[in-house]
Amino acid sequence: MENHITHISRGDLEELRDAFNRIDIDNSGYVSDFELHELFREANYYLPGYKVREIIETFIAGDTNKDEKISFDEFVSIYQELKSKELSESFRKCISRRDGIRSFGGISGISSEGTQHSYSDEEKVAFVNWINKALANDPDCKHLLPMNPDNDSLFTSVRDGILLCKMINHSQPDTIDERVINTKKLTTFKMTENLVLALNSASAIGCTVISIDAIDLMAGKPHLVMGLLWQVIKVGLFADIEVGRTEGLIGLLGDSEKLEHLLVVSPEELLLRWVNYHLQIAGTKTINNFSDDIKDSRTYFYLLHQLAQHGREDHKKSIKIDMRGLNERNLNRRAELMLQQAARLDCRQFVSPHDVTSGNSKLNLAFVANLFNMHPRLQQVHTEGEHLHIEGETKEEKTFRNWMNSLGVTPHVNHLYWDLCDGLIILQLYEKVNIPVNWKKVNRPPYPVLGANMKKLENCNYAVELGKTRAQFSLVGIGGENLNEGSRVHTLSLVWQLMRRYTLLVLSDLGDGNKVGDQIILNWVNTTLSQKRKDTQITSFKDKIISTSLPVIDLIDVIAPGTVKWDMVKRGDRGVLSEEDKYNNAKYAVSLARKIGARVYALPDDLVEVNPKMVLTLFACLMGHGVKKQPDVTKQPRI
């Protein structure tokens, strides 16, 4: 194995190590074979599923350890093999280009060998330009913007937490109540509060913030800043790239596919289908990736031409794309001419000519996603006179999905039911709540062509068995087949119990040896409120007074005195509030909870509607935060 490693430059090895560590979230030194697809994604190279399956089959055949796990050295060996094959050049350039890669000191605590972290100058420039445009008119960011893409101002700009909070709201509007953000007289304490708010809010929208804390961000550690910003930006770019939100995507179904097939397709693959949809209409060659296949800019010229040709949504005069750039022989010059046309559609974002000609897959993916969001140009689909329709994701489903993704499960969960139907995500969640999983009993991809569903069903049966025997969950009437079929009711029941157990783990040492149940939490809430003469007592987690959010706000005032700005809180006439005032109180309460350090996944709607399940998780998180000795806020635990 040493021979493999010595043929790879230090810069290449660093990039491979960083990608590997992002998948190896438990720091075991191994990733499972079924995580290889996600490992390639983390390395910013999007391989078709069948290619990854071929690689896995080859690996398993030659796996001398027969442990079905891939060590870093074995991953490096796979990488070396790819270098001598058709995919080698694009793979190498995507994950280990030395041009434009900045390295900086510091030994990784994850690796016993130690490694320097690195970041891409091209990506830094792209992020800076995107942020400059997104927040250009925000008065709270005047002291930071515009940033200079040619220096390291991006890394110092996150120090006070304001920019991160604003970017989270840009990607997912109203995630943070901006009344909670500290914008004046920014002491270290107030800046740290903003950073804690940003990290907890990023987690709530599905970003993985494991091993990042406020101190890291205040120090402007480049690889952590870049990694967090990319996750936040990607959440915004991908928000509408799902069938439930953009029904025109149904038109991307293949001839023999059913609607459920499209539900499990990732946003990256949907974008690829979308591009090819327009290329087919244009009568030109389709593509397989956003790296090698777009380097000559031909795809983009034809795509821009199709998007402009269909007219603009605002009904103004259509824009005619100048296609003469296709005749330019110099690829960098051709890419520049193409981007000039993209600018006419207000879509010159994320990529430079060099990013196109070098095939930077991450930035080209972002470029295409922004194109989709600005100019989707998809038609509604009708079959035999019937309009195809799919129910969008509910707020509860989105909360569960974001919770899973924030824990770093692989692969990324795009659809709550279909992505769980092979049991693998559920089994990973069991480990997150301290339920041991015997992975030798688990079937992992690639599944055989014949009998694939049987293998998935066996996983689901094992998941239900663990829930009943080890987790002591209430799973009456739930069998593996229900999970395997994507049953909404049964899947939600199990997922809720997993999330509840995860939330209550923080209280595991607070029950005097007894299991912490709902009544213990309820008693603590009322006792804590009464100690400070608060009159907002609750009788249960269904109490209608919770719809005002006043019990939550009062509780936060007790836990963190001075945090609540009372002029922001509506108490109404004799406790009667309008729906608008209730929602504003709820937004304020949820953001305050996150600001003081509680990892809250509940939404403002959960308080207004008094959703007892999510109300329980919110009070449990506040209890876990409140009963501990208040730590120095500048020494937040890693999350």
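Scroll up for the structure.
Bear in mind that the values here come from a model prediction, so they are computed numbers and not experimental data. (Residues numbered from 1 in each chain as written. Predicted model: local features only at pLDDT ≥ 70, side-chain atom pairs only at ≥ 80, totals over all residues. Heavy atoms only, no water.)

**Side note on the side chain of Asn-405**
In plain terms, the rule: Secondary structure elements follow DSSP: runs of H or I of four or more residues count as helices, runs of E of two or more count as strands, with numbering from the N terminus. Residue exposure (1.4 Å probe, protein chains only): buried if accessible area is under 20% of the type maximum, exposed if over 50%, otherwise partly exposed. As used in this structure description, the phrase polar contact means that two N or O atoms lie within 3.5 Å; if the pair is within protein, one of them must be able to donate a hydrogen and the other to accept it, and residues adjacent in sequence are counted only when both atoms belong to side chains. Contacts: residue pairs with any heavy atoms within 4.5 Å of one another.
By the secondary structure assignment, Asn-405 is in helix 19 (residues 395-406). Looking at Asn-405, the relative accessible area reads 3%, which means it is buried. Here the side chain of Asn-405 touches His-412 through a polar contact of 3.2 Å, side chain to side chain. Ignoring sequence-local partners within four residues, the contact set of Asn-405 consists of Gly-206, Thr-208, His-412 and Val-413.

**Considerations on helix 14 (residues 267-282)**
Quick note on the threshold: Given a helix with a known number of residues, its expected span is that number minus one, times 1.5 Å.
Under the 1.5 Å per step criterion, the end-to-end length of helix 14 is 23 Å for 16 residues, consistent within 8% with the ideal 22 Å. Taken together, the buried positions of helix 14 are Pro-267, Glu-268, Leu-270, Leu-271, Leu-272, Trp-274, Val-275, Asn-276, His-278 and Leu-279. Phi turns positive one or two residues past the end of helix 14, at Gly-283, with a value near 75°.

**Structural notes on the side chain of Glu-193**
Mapped onto the elements, Glu-193 comes out in helix 10 (residues 188-204). Ignoring any residue separated from it by four or fewer positions in sequence, one finds Glu-193 in contact with Asn-182 and Lys-595.

**A word on unusual backbone geometry**
With an omega dihedral of 0°, the bond running from Leu-145 to Pro-146 counts as a cis peptide bond. One can find Pro-146 in the loop between helix 7 (121-134) and helix 8 (153-157). In the segment running from Pro-445 into Pro-446, the intervening peptide bond is cis, with an omega of 0°. The backbone of Ser-549 sits at a positive phi, close to 65°, despite the residue not being glycine. Counting through the fold element by element, Ser-549 comes out in the loop between helix 24 (518-531) and helix 25 (550-559). Residue classification places Ser-549 among the buried positions, given a relative accessible area of 0%.

**Topic: the pattern of salt bridges**
Threshold: Salt bridges are defined by distance alone: a side-chain nitrogen of Lys or Arg within 4 Å of a carboxyl oxygen of Asp or Glu.
What the rule picks out here adds up to 24 salt bridges. The partner of Arg-488 in a salt bridge is Glu-397, with the nearest N and O atoms 3.0 Å apart. Of this pair, Arg-488 sits in helix 23 (residues 488-504) while Glu-397 is found in helix 19, placing the two residues 91 residues apart along the sequence. By relative accessible area, which is 40% here, Arg-488 ends up partly exposed.

**Notes on a positive patch on the surface**
Put simply, the rule is: Patches were defined on residues exceeding 30% relative accessible area and lacking a salt bridge, with like-charge contacts within 9 Å and nonpolar side-chain contacts (Val, Leu, Ile, Met, Phe, Trp, Tyr) within 5 Å. Here the open area of atoms and residues is found with the Shrake-Rupley method and a 1.4 Å probe, where only the protein chains shown may cover a residue. For the purpose of charge, His is not counted, nor are the chain termini; Lys and Arg are scored as positive and Asp and Glu as negative. By convention, charge coordinates are those of NZ in Lys, CZ in Arg, CG in Asp, or CD in Glu.
A contiguous patch of positive charge on the surface is contributed by Lys-184, Lys-185, Lys-190 and Lys-565. A relative accessible area of 31% places Lys-190 in the partly exposed class.

**With respect to the environment of Cys-165**
As for its placement among the helices and strands, Cys-165 is situated in helix 9 (residues 162-171). What makes Cys-165 buried here is its relative accessible area of 0%. With sequence-adjacent residues up to four places away left out, Cys-165 is seen in contact with Ile-176, Ile-181, Asn-194, Leu-197 and Ala-198.

**Observations regarding the nonpolar core**
We count it as follows: By convention a nonpolar core is built from buried Ala, Val, Leu, Ile, Met, Phe, Trp, Tyr and Cys residues, the set being connected through side-chain atoms within 4.5 Å.
Ranked by internal contacts, the top residues of the largest apolar core, which has 174 residues, are Trp-274, Tyr-430 and Ile-521. When residues of this core are assigned to their parent elements, the largest contribution, 11 residues, is made by helix 12 (residues 222-238). Non-local contacts of Ile-521, meaning those with residues more than four positions away in its chain, are made with Leu-504, Leu-507, Val-516, Phe-541, Leu-616, Phe-619, Ala-620 and Met-623. Ala-19, Phe-20, Val-31 and Ile-70 belong to the second-largest nonpolar core, a separate cluster that totals 15 residues.

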